[in-house]
Amino acid sequence: MTERLQHVPLDLGAIITRLQSRYIRGTGAREVFDALLPELLALTDSEYGFIGEVRHDEGGRPYLKTFTLTNIAWDEATRQLVEARRAEGLDFRNLDSLFGVVLSTGEPVIANDPASDPRRCGLPKGHPALDAFLGVPLFQGGTLVGQVGLANRPGGYDQALLDGLQPLFATVGSIMGQVQLERERQSAVEALRVSEALYRTTFEHAGIGLAHVGLDGRYLAVNAHQCAILGRSADELRGLRWQDLTHPDDIAADLALMQQLADGRLARYELEKRFLRPDGSVVWTCLTVALLRDDAGRPQLVLSTLQDIGERRQLEQIRVAAEAAQRANRAKTEFLSRMSHELRTPLNAVLGFAQLLRMDGQESLTARQQTRVQHIEQAGRHLLAMINDVLDLSRIEEGVLSLRSAPVRVAEVVGEAVALLQPAADEAGVRMQLPVSDGDGHLDDAHVWADAHRLRQVLVNLLSNAVKYNHRGGEVRLGWRDLPDGRVRIDVADTGPGLSEDQRRHLFEPFNRLGAEATRIEGSGIGLVISRGLVHRMGGELALESAPGQGSCFSILLPAEGPSGPEPESGPGPAPAPAPVPRAP
C-alpha cells in the first residue's frame, strides 16, 4: 500500500493536467468527468464510483445529481434506468446514507466495513457488494459543490490516500464550481432574455399608450397604442418632443408639473391634456408621468402612460347637458305649475262674470254684446283647459299624479267620451263610428284595469284630435278587442292627413304642435304627451300607426286584469319611463 502511494503524485499530476486541458478546450462537463472517473478508479484500484454535484430541492435540502457513474446495473430494470438517465444524471436524495453524510456534514467519509457502519442505510436487493467506501466532498471557495464516491478498493481507504489525492479533488471542485457558475450565468442570461422579451411584448401590446421620454422631452420609445392615439408612426414620434404635439393651452400646466417632478416634490402626476394630430384634430387624453432615477437619485428617464378619453369626455358632456336640461325642465314645470295655480283663480272669476253678464235678466245684452261675451267664455274655457293640461303634465313629470285603478268596462267609458265629443264632431262634419257587437257579446264585455276618469280623459283627447285634424265628411272609427297577451287594445282611427316620419319623431314633445300653430286649429301641443303619460301610469302603452295621406290610428293597450291581490291606489312616486312608440300590428 505504501509502495502504491509513492506513485500517486506522478500519476496524479498527469490526470490533473489532462482534466484541466479537457475543460479548457471547452469539453462539456459531463464528458470531462466521464473521462476522469475511469482514471480515478484505476489510480485508486477502486471497483466502481461516481462524480456528482450538489443541488438543493425546493425545501433547501441538498441532494446529489451525478455527472458520471459506473454502470453497476444488476438487472434489466436498473440497466434501463441507468441508460435512460445517463445523459441528465441520476438523483440521490437519501441523506441517511454514507454519501448523504458527506452532503450533510461536508466532511469526508471513510467506511472500510460498510456492513456494520451505523451510517449505512443498506443496499437494494441485487446491488453489487459494497466492501469499502470513500466519500469526498468537493468545495469551491468554501461552498460544497459536489462529491466523489469510490468503492471496493482492496484493503480499503485511509487518510493518507485521501491526502495524496487532495490536489485532484481540489481541481475537480474548482472545475465543478465553474460549471455551476456558468450554468447560473446562462440561466440568468436566459431569464434576462425572457424578461426582456416579455417586457417588449407587454410594452408593445399594452392596452394603453406607453412611452419612454428623454429629459429633453424627446420620445425615445413608444408602443403601438401611443402611436394610434397621437396619429403618428414610431419613427415620426422619435424625432419629436412632447411639447411639439401638445395643445398650446396645455403646455404650461404640464411643464409646471414636470418641474415639481424633477425637484422631488412629486413622485408622479396625472392630468387631462390635449394633443394635436397631424390632421389638426384634437384628442383628449389622460396622461400619467413618472420620473425614473438612478441609484444616486439623478433623473434618468421619463415614463408616461396615455389614454384616449375623448369618448369619455363626450359622454360626460352629454351627461352634464342632460342634467342641465333636466334641471331646466324641472324649473319650467315648477314655474308652469305655480303660474297655472295662480292663473286659475282670476280666470274662473273672468268666466263667472262673463256668465253673469250673459244671464243678467235685468240688463239684457244686445246681440252683439252676447256674441262678445260668448267669445270671452270660449277663450276662457280654452285657456282654463290649457292650464289644467299644464297642471296634469307637471304632476306626471314629477310623479305625483294619483290614480285609482279598478276594472273599467270599455264600452261604457268609450260611450261617455263619444258623447262629450259628438257636438264638436257634428259641427266639424265628421262622423264617428262605434263598433258593432260580434254577435257573441264579447265586444261589450271587454274590461281593462285603469282609472276610469283618466282613461276617459285620454279618449277625449284622442277623439278631439281625430275630429280637429280631420276634414269635413271624414270619419273617426273606434274599436277594441282582446289581445293574446292579456291586454285590451282600444283603437281611435281617423281619415285625416296622416303624419310623416319626421312628424312622428317629434309627436310627443311638449308644446310642439308640428306646424299646426300656423293654422286656426286650437291646441296646446301637450295633450298627447299627457295621454301617453297617463296610459303609462296605468301600466299600458300608447301606440301609433300613421302615414301621409292615409290617416292615423292611435291605440291604447291596457291590461285586461289587475295584479293579483288588492290593488292599492297609485299615489305619488316616480312615473315609469315612457316606452318607445311602436307601430301598431
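These figures come from a predicted structure and were not determined experimentally. (Residues numbered from 1 in each chain as written. Predicted model: local features only at pLDDT ≥ 70, side-chain atom pairs only at ≥ 80, totals over all residues. Heavy atoms only, no water.)

## Looking at the sheet that holds strand β6 (residues 143-151)
Definition in use: Between any two strands, pairing holds if DSSP finds at least two bridges. The numbering of helices and of strands both runs from the N terminus, where a helix is a DSSP run of H or I of at least 4 residues and a strand a run of E of at least 2.
Ordered by their spatial adjacency, six strands build an open sheet running β3-β2-β1-β6-β5-β4, and the pairing between neighbours is antiparallel. Because the sheet does not close on itself, it has two edges, and the strands there are β3 (91-92) and β4 (109-111). Where strand β1 (residues 48-56) lies against strand β2 (residues 62-69), seven bridges are found, and the strand directions are antiparallel. Of the residues in β2, the one forming a bridge with Gly-52 is Thr-66.

## Concerning the sheet that holds strand β8 (residues 219-222)
Quick note on the threshold: With axes taken as lines fitted to C-alpha atoms, and helix axes fitted only over the stretch in contact, angles between N-to-C directions fall between 0 and 180 degrees. Contacts between residues were defined by any pair of non-hydrogen atoms, one from each residue, lying within 4.5 Å.
An order of β8-β7-β11-β10-β9 is seen for the five strands of this open sheet, with the pairing classed as antiparallel. Each edge of the open sheet carries a strand with a single partner, namely β8 and β9 (268-276). Recorded for the sheet is a direction-independent mean angle of 30 degrees between the axes of neighbouring strands. Across nine bridges, β9 lies against strand β10 (residues 282-293) in antiparallel orientation. Note on β10: the bridge partner recorded for Lys-273 is Thr-285. Together, β7 (209-213) and β8 form the strand contacts of helix α6 (residues 166-205), whose direction differs from that of β7 by roughly 115 degrees.

## Notes on empty space enclosed by the protein
The line we're drawing: Computed over the protein atoms alone on a 1 Å grid, cavities are sets of points where a 1.4 Å probe fits but cannot get out and pockets are open sets with protein on both sides within 12 Å along at least five of seven lines; a residue lines them when it has an atom within 4 Å of a point. Grid points are joined across faces, edges and corners, and a volume is the space filled by probe spheres set on the points. Put simply, Ala, Val, Leu, Ile, Met, Phe, Trp, Tyr, Cys and Pro go in the nonpolar bin, Asp, Glu, Lys and Arg in the charged bin, and everything else, Gly too, in the polar bin.
Here the structure, examined in full by the defined rule, presents three cavities of 30 Å³ or more. Here the largest cavity defines a volume of roughly 110 Å³. Val-213, Trp-242, Leu-287, Val-289 and Ser-304 are the residues nearest the centre of the largest cavity, which is lined by 14 residues in total. If you list the elements that add at least two residues to the lining of the largest cavity, you get α10 (248-262), β9, β10 and β11 (299-308). Of the residues assigned to the lining of the largest cavity, the class counts are ten nonpolar, two polar and two charged. If you add up the space inside the second largest cavity, you get close to 90 Å³. For the second largest cavity, the full set of lining residues is Arg-30, Asp-34, Thr-66, Phe-67, Thr-68, Leu-69, Val-82, Arg-85, Arg-86, Gly-89 and Leu-90. Mapped onto the lining of the second largest cavity, the elements with two or more residues apiece are α2 (29-44), β2 and α3 (76-85). Per-element accounting of the lining of the second largest cavity gives the leading share, four residues, to β2. Broken down by class, the residue content of the lining of the second largest cavity amounts to four nonpolar, three polar and four charged.

## Considerations on the pattern of salt bridges
Where we set the bar: Throughout this description, the term salt bridge denotes a Lys or Arg side-chain nitrogen within 4 Å of a carboxyl oxygen of Asp or Glu. Burial status follows relative accessibility: with a 1.4 Å probe on protein chains alone, a residue under 20% of its type maximum counts as buried, one over 50% as exposed, and anything between as partly exposed.
Within the structure shown, the criterion is met by 31 salt bridges. Two residues, Arg-274 and Asp-250, come together in a salt bridge whose shortest N-O distance is 3.0 Å. Taken together, the residues span a long stretch of sequence, with Arg-274 in strand β9 and Asp-250 in helix α10 at a distance of 24 residues. Each member of the pair Arg-274 and Asp-250 is classed as buried. Two residues, Arg-487 and Glu-541, come together in a salt bridge whose shortest N-O distance is 3.2 Å. Residue Arg-487 is located in strand β16 (residues 487-494), and its partner Glu-541 is located in strand β17 (residues 541-546); the two are separated by 54 residues in the primary sequence. For Arg-487, a relative accessible area of 24% translates into the label partly exposed.

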